[in-house]
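Structure at a glance
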Amino acid sequence: MELIRNILSWNEILTVSILGWLTAQLLKTTISSILAGKLQLERMVGDGGMPSAHSATVCAMVVATGRIEGVHSSLFAIACVIAIITMHDAMGIRHETGEQAKVLNNIIEMWLEEGERHSPFLQNMHLKEMVGHTPLQVYAGMIVGAVVGFLYPLSVMVG
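Residues numbered from 1 in each chain as written. Predicted model: local features only at pLDDT ≥ 70, side-chain atom pairs only at ≥ 80, totals over all residues. Heavy atoms only, no water.

1. Some remarks on the confidence of the model for the chain
Here is the rule: Confidence scores per residue from the predictor, reported as pLDDT, run from 0 to 100. Runs of E in the DSSP output that reach at least two residues are strands. Runs of H or I that reach at least four are helices, and both are numbered from the N terminus.
Chain-level pLDDT for the chain is 81 on average; 73% of the residues reach the 70-or-more range. Model confidence for the chain, summarised as mean pLDDT per element, is weakest for helix α5 (residues 93-115) at 68 and strongest for helix α3 (residues 53-69) at 96.

2. Structural notes on helix α2 (residues 12-36)
Two residues of an α-helix separated by three or four positions point the same way, owing to the 3.6 residues in each turn. Using the following cut-off: One less than the residue count of a helix, multiplied by 1.5 Å, gives the span that helix is expected to have. Each residue's exposure class comes from its accessible area (1.4 Å probe, protein chains only) as a fraction of the maximum for that residue type: buried when under 20%, exposed when over 50%, partly exposed otherwise. Side-chain atoms alone can form a polar contact between residues adjacent in sequence; in general such a contact is a pair of N or O atoms within 3.5 Å, and within protein one must be able to donate a hydrogen while the other accepts it.
Under the 1.5 Å per step criterion, the end-to-end length of α2 is 36 Å for 25 residues, consistent within 8% with the ideal 36 Å. Of all the residues in α2, the buried ones are E12, I13, T15, V16, S17, G20, A24, Q25, K28, T29, S32 and S33. Of the residues flanking the start of α2, the one acting as N-cap is N11, its side-chain oxygen 3.3 Å from the backbone nitrogen of I13. Following α2 by one or two positions, G37 has its phi on the positive side, about 75 degrees.

Here it is in structure tokens:
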């Protein structure tokens, strides 16, 4: 038990961040599996989906940093900026990339139906569509990360 305690306390901010990611990925896998009616283990490591693991990770990091270093610390400010950029990117650029991939995949499918013999290099081409998040998925990830960050029992607290 002491070994596990030492491993988890070596860097509590990193530990809480990883637990935020793991919690979100487990929820995402469960939700996807229920909606699909079958177990989808690939969602454990996949991007996109509900909730956002990116948001959960950075929000858990922000909360743990605030609890350990204090909300007036430079490290807390840096964690907040990183979280804002990450979440904005997840529902902005990465979400639009997924939407563009859907359009391009549809175009490729239309071409393959008509001219498959003339474009053999397109036969195995398929762009990843789930790379970003909707605002709801990002907000859900924020909540998951904040809950993990507040519930994790930290041994170092600002006095």
